[in-house]
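Fold and geometry: a report
So the chains spell out like this:
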Amino acid sequence: MKSIDPRVNRMDLPSNEDGKEILEEQENWETYEVFHQKKRGEQHIHVGIVHAASPEMALIMAKEAFGRRRQTANLWVIKSAAVTASDYEDQDVFETTPEKTYREASDYYCMDRIRKYQQEHGIKDRKEERRNVQKANKEVKK
Amino acid sequence: MYENAYVDPKQKVSSLTEGEDPVKLAEFEERIQRGEKIEPKDWMPKAYRKQLIRMIEQHAHSEIIGALPEGTWITRAPGFRRKLALMAKVQDEVGHGQLLYSAAETLGKTREDMINDLISGKSKYSNVFNYPAMTWGDTAIIAWLIDAGAIINQVTNSKGSYGPYCRALERICSEESFHLKYGHDNVVFLATGTPAQRELVQDALNRWWTPIMHFHGPPDKVSQHTEILMKWKVKLATNDEMRRKFLDEYVPKIWDLGLSIPDPNLKKNEQTGQWEYTEPDWDEFKRVINGDGPCNKERLQVRRWAEERGAWVRRALQKAEQKYTVPLA
């Protein structure tokens, strides 16, 4: 059928009969990884890739692809080839990380030892003293 | 189809896993079972890679070709706000195409190869875009109901196992929600307007009902092939399941507007809770997907025209030292 788009009808459309390929290898240049920062002060986060012939062009493409809809403060583009990544096969080297509880603040508690020592040596517990004062103050107010 | 996985039932089931290392295959399947995503450099069965390339690539083509019937209407969109909104929607669709091409590239097929396969007719795209948007009413129906169908497909597929595809789909779905609201707004405006406006949108609905029913693809039975694809979380629902979900959500909304759907058998069976409908003409679907639709030729010609016209610019920007790298994620 004839196109209902007047613009298409004005085009000198090529024949599609031969099914010939058009694009040559690497005609879409190189790939860049895009990092997006939502607000000043926040981290840049990897959001995807663009194809470009130069870093400047990659930034323009990144602005259209990843900055047109959401809030954006800043974009980085880095050639995919420039990234050195760890291997998922080696993921097991991180496996013991959660076991290293000595790296966590929550793994350190010594109040039991302190209390025991205070009781044994007749040292007053500062916190308990403070609580008693507060209690007394409340009763005075009543 | 916004591309659901498909294996020719004539193909041997064993061919999906033939020649694969059984230990690696078991590890791969366990990982998926645990709900972990597969990343580009991970080991994966050949059939998994092949299915995903096919699916994601055709999804990308659908976004790009899908921008054509709507793009036609930008200059004729009634009013400035609608023009802006339609331009934004069309730009989104093209952007989604870019995201999806990138996701497919991580599996090892270059973008040039994908575009060549589209233009030469080797790869398919969603069949609905081989139909024309005859009136402004058509654009409203497309933006509302075709995008609604697409969202159901995309939300389903975003729960899949391949990391880059899932991430692209999540971003796409959040953007599509504006398309859906925009389309609904346009349909409501026409349906609650003058008698001529109501007629415009009812006509469009009548014209688009068959393509809408075609959208999720022909009924597919759960075979041993699909069982494997479901185990690999490449396929997450049958075509009929997605179609029923669409009917369940949108038929009541269409009826709310006093519009009629051109299928006298369409109703929800209160006992089974299932929608009953007349099967759309699947011969027409096959005919159109194989090239004999009203717009197939024009769509590919326009695409070829754009690539041919742009070739000198792309080649002028190429540098001798440039080297293609498969994107990371």
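The shown structure was predicted, so the numbers you read here are calculated from the model rather than taken from an experiment.

Conventions and cut-offs
- Residues numbered from 1 in each chain as written.
- Chains lettered and ligands numbered in written order.
- Predicted model: local features only at pLDDT ≥ 70, side-chain atom pairs only at ≥ 80, totals over all residues.
- Heavy atoms only, no water.
- Buried < 20%, exposed > 50% of the residue type's maximum accessible area, 1.4 Å probe, protein only.
- Helix = DSSP H or I, 4+ residues; strand = E, 2+ residues; numbered from the N terminus.
- Patch = residues over 30% accessible without salt bridge, like charges linked within 9 Å, V, L, I, M, F, W, Y side chains within 5 Å.
- Areas by Shrake-Rupley, 256 points an atom, 1.4 Å probe, with all protein chains shown as cover.
- Salt bridge = Lys/Arg side-chain N within 4 Å of Asp/Glu carboxyl O.
- Lys, Arg positive; Asp, Glu negative; His and termini not counted.
- Charge placed at Lys NZ, Arg CZ, Asp CG, Glu CD.
- Phe/Tyr/Trp six-rings, centres within 6.5 Å; stacked < 30°, edge-to-face > 60°.
- Pairing = 2+ DSSP bridges.
- Axes fitted to C-alpha atoms, helices over the stretch in contact; angles between N-to-C directions.
- Domains from an automatic or database assignment.
- Contact = heavy atoms within 4.5 Å.
- Polar contact = N/O pair within 3.5 Å; in protein donor to acceptor, adjacent residues only side chain to side chain.
- Core = buried A, V, L, I, M, F, W, Y, C linked by side-chain atoms within 4.5 Å.
- Buried area = accessible area lost by both parts, 1.4 Å probe.
- Nonpolar A, V, L, I, M, F, W, Y, C, P; charged D, E, K, R; others polar.
- Parallel < 35°, antiparallel > 145°, perpendicular 65-115°, else oblique.
- Left-handed = near helix turned anticlockwise from the far one by under 90°.
- Expected span 1.5 Å × (residues − 1).

Once that is clear, we can look at helix H4 (residues 111-119) of chain B. Residues and elements named next belong to chain B. H4 sits mainly inside the fold: 8 of its 9 residues count as buried. Burial in H4 covers these residues: Arg111, Glu112, Met114, Ile115, Asn116, Asp117, Leu118 and Ile119. Taken from the residues just after H4, Gly121 is the one with a positive phi, measuring 90°.

A cluster of acidic residues, Asp87, Glu89, Asp90, Asp92, Glu95 and Glu99 of chain A together with Asp21, Glu27 and Glu30 of chain B, forms a negative patch on the protein surface. Examined against the element boundaries, Glu27 of chain B turns out to sit in helix H1 (residues 22-33). Take Glu27 of chain B: its relative accessible area is 51%, and that puts it in the exposed class.

Below, the discussion takes up the packing of aromatic side chains. Aromatic rings considered in pairs are described by the distance between their centres and by the relative angle of their planes. All names here are of chain B. For the structure on display, the rule yields 12 aromatic pairs over all chains. Judged by centre distance (4.9 Å) and plane angle (80°), the rings of Phe28 and Tyr48 are edge-to-face. Of the two residues, Phe28 is situated in helix H1 and Tyr48 in helix H2 (residues 46-71); the sequence distance between them amounts to 20 residues. Each member of the pair, Phe28 as well as Tyr48, is classed as buried.

Turning next to the sheet that holds strand E2 (residues 44-52) of chain A. All names here are of chain A. The antiparallel open sheet is built from 3 strands, whose spatial order is E2-E1-E3. Every other strand in the sheet has two partners, leaving E2 and strand E3 (74-79) as the edge strands with one partner each. With direction set aside, neighbouring strand axes in the sheet form an average angle of 30°.

Our focus in this paragraph is the domain arrangement of chain A. Each assigned domain of chain A is listed with its residue range as follows: domain 1 (27-82) and domain 2 (102-141). Centre-to-centre separation of domain 1 of chain A and domain 2 of chain A, based on C-alpha positions: 54 Å.

It is worth spelling out unusual backbone geometry at this point. All names here are of chain A. Of note in this structure, Gln26 is not a glycine but carries a positive phi near 65°. Secondary-structure assignment places Gln26 in the loop between helix H1 (6-10) and strand E1 (30-37). Phi is positive for Trp29, which is not a glycine, with a value near 60°. The residue Trp29 is located in the loop between H1 and E1 in this model.

The next thing to look at is the environment of Thr72 of chain A. Residues and elements named next belong to chain A. Inspection of the secondary structure assignment puts Thr72 in the loop between helix H2 (55-66) and E3. Here the alpha-carbon distance between Thr72 and Gly41, two residues 31 residues apart in the chain, equals 12 Å. Other than its neighbours up to four places away in sequence, Thr72 contacts His36, Gln37, Lys38, Phe66 and Gly67. Within the structure, Thr72 has its side chain in polar contact with the side chain of His36 (distance 2.9 Å).

Turning our attention to the nonpolar core. Residue and element names in this part refer to chain B. Core analysis: the largest hydrophobic core is formed by 99 residues, its most contacted members being Tyr48, Trp209 and Trp232. With 12 residues, helix H5 (residues 136-157) is the single largest residue contributor to this core. Among residues more than four places away in sequence, those in contact with Trp209 are Leu247, Val251, Ile254, Ile261, Pro262, Asp263 and Leu266.

What follows deals with the interface of chain B and chain A. Taken together, the contact between chain B and chain A spans 50 residues of the former and 45 residues of the latter. Interface of chain B and chain A: buried area, both sides summed, is about 4600 Å²; carbon and sulfur atoms make up 52% of it. The largest contributions to the chain B side of the interface with chain A come from Glu112, Arg171 and Arg304 of chain B, which together make up 14% of the buried area. Counting the contacts that link chain B with chain A gives 6 salt bridges. Close ionic contact of Arg68 of chain A with Asp92 of chain B constitutes a salt bridge, the shortest N to O distance being 2.8 Å. Linking chain B with chain A are 24 residue pairs in polar contact (both at pLDDT 80 or more). At the level of secondary structure, the elements contributing two or more residues to the side of chain B that touches chain A comprise helix H3 (80-105), H4, helix H6 (163-191) and helix H11 (296-317) of chain B. For the side of chain B that touches chain A, the element with the highest residue contribution is H11 of chain B, accounting for 13 residues. Across the side of chain B that touches chain A, the residue classes break down as 18 nonpolar, 12 polar and 20 charged.

Residue and element names in this part refer to chain A. Burial runs high along E2: 7 of the 9 residues are buried. Across 8 bridges, the pairing between E1 and E2 is antiparallel. Across the sheet, the residue bridging to Phe35 is His46, located in E2. Joining the antiparallel neighbours E1 and E2 is a turn of 6 residues, in which Gly41 adopts a positive phi near 95°.

A surface patch of like charges, here positive, comprises Arg126, Lys127, Arg130 and Arg131 of chain A. Tracing the backbone through its elements, the reader meets Arg130 of chain A in helix H4 (residues 126-141).

Residues and elements named next belong to chain B. Contact pair H2 / H6: the axes reach a minimum separation of 12 Å and the direction vectors enclose 25°. With respect to H6, the axis of H2 lies roughly parallel. The two elements H2 and H6 meet at a crossing, and its hand is left-handed. Here H2 contributes Leu52, Met55, Ile56, His59 and Glu63 to the contact with H6, which in turn contributes Tyr165, Leu169, Ile172 and Glu176.

With 16 residues, H4 of chain A ought to run about 22 Å at 1.5 Å a step, and its terminal C-alpha atoms sit 23 Å apart, in line with that. The residue sitting at the N-terminus of H4 of chain A and contributing the capping side-chain oxygen is Asp125 of chain A; that oxygen lies 3.0 Å from the backbone nitrogen of Lys127 of chain A.

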